[in-house]
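Given next are the chains, with one letter for each unit.
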Amino acid sequence: MKYVTFTDTEKIKMFDEIAGHFYNANFGQLSKADMELMMFNFYIRKMIDANKNADETIDYSKCSDYKISKDLGITQQRVRNMKVKNQLVNPIEFDWKKAFARLIKNARYDTATNKVIISIPDPNLYYEIENFMEEQGAYIEKQMNSKVLQMRAEYFIDLIVAAEPEEADRKAIIKQLKKELKSQNKDEKKFNEANIGKFLIENSADITTIVANLATVVSAGNPLFTSLTSLVK
């Protein structure tokens, strides 16, 4: 293998786990698919641990589907399928908001449509973002390329609010949003906190001005806001 190297200690631990599926009066009960998934789990966890950024997010450029496919001798599509299956069976904890924020610097913002277009290299990260959007009553526009995510910039406000860990900070953002909407002659009384992006779109709010005026209330450590500001300014 070119991109992953296991230590002798790790190899011993891996063998013990494999042996546990054979030498406890259960020889031959582990299916080929389960064995392959176990080996993939060993591999992907090692690769992730060896390629993390300073903020503990994954460096996707060093963990690409292409590199994994070359290392394992399987197609990139099978790599993506294995990633999804492994996350269901052997969940790997990660902060998807931070991971998403790191990728926004490579996004493109279409001022004519207010849409953000961004490549999401990991399928599990894509599904986390998609799930959050659906919970907010929003949606992601499906593309032929399954790695490309396209969404309205207004929906990023939902993400920014969700990224604030403190309830007081989230309320401060909502208060500032209502103030800004009032200044734009929008009916802030009909403001829906559960579907912020949808409300902003339906009322044709000026997203660039809103983002600029939220800077005074959004916490400095909010990764999504910092990224969105640089994108739409």
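How each quantity is defined
- Residues numbered from 1 in each chain as written.
- Predicted model: local features only at pLDDT ≥ 70, side-chain atom pairs only at ≥ 80, totals over all residues.
- Heavy atoms only, no water.
- Core = buried A, V, L, I, M, F, W, Y, C linked by side-chain atoms within 4.5 Å.
- Buried < 20%, exposed > 50% of the residue type's maximum accessible area, 1.4 Å probe, protein only.
- Helix = DSSP H or I, 4+ residues; strand = E, 2+ residues; numbered from the N terminus.
- Contact = heavy atoms within 4.5 Å.
- Phe/Tyr/Trp six-rings, centres within 6.5 Å; stacked < 30°, edge-to-face > 60°.
- Pairing = 2+ DSSP bridges.
- Axes fitted to C-alpha atoms, helices over the stretch in contact; angles between N-to-C directions.

Asks: Kindly report on the nonpolar core, identifying the contributing residues and their values.
Replies: It is characteristic of soluble globular proteins that their nonpolar side chains tend to be buried jointly. Grouped together as the largest cluster of nonpolar side chains are 66 residues, with contacts concentrated most on Phe 100, Ile 120, Ile 129, Ile 157, Leu 159 and Leu 177. The dominant element in this core, judged by the number of residues it contributes, is helix α2 (residues 32-50), at eight residues. Those residues within four positions of Ile 157 in sequence are excluded, and the remaining contacts are Leu 177, Ile 196, Leu 200, Ile 207, Val 211, Leu 214 and Leu 228.

Asks: Residues and numbers for the packing of aromatic side chains, please.
Replies: Enumeration over the complete set of coordinates arrives at five aromatic pairs. Note on Trp 96 and Phe 132: the rings are 5.6 Å apart at their centroids and 50 degrees apart in plane angle, and the pair reads as tilted. Here Trp 96 is found in helix α5 (residues 96-104), whereas its partner Phe 132 is found in helix α6 (residues 123-135), with 36 residues between them in sequence. Assigned by exposure class, Trp 96 and Phe 132 land together as buried. When the ring of Phe 100 is compared with that of Phe 156, the centres are 5.6 Å apart and the planes differ by 20 degrees; the resulting orientation is stacked. On the criterion of sequence distance, the pair formed by Phe 100 in helix α5 and Phe 156 in helix α7 (residues 155-163) is long-range, its members being 56 residues apart. Taken individually, Phe 100 and Phe 156 each receive the classification buried, so the pair is uniform in this respect.

Asks: I'd love a proper account of the sheet that holds strand β2 (residues 115-119), names of residues and values included.
Replies: Taking strand neighbours across the sheet as the criterion, the three strands line up as β1-β2-β3 in an open arrangement whose pairing is antiparallel. Looking along the sheet, the strands with just one partner apiece sit at the ends: β1 (108-110) and β3 (148-152). Put simply, the sheet's adjacent strands are angled 20 degrees from each other on average, direction ignored. In this sheet, β3 lies alongside β2 in antiparallel orientation, the contact comprising five bridges. Bridging from a neighbouring strand, Ile 118 pairs with Leu 149 of β3.

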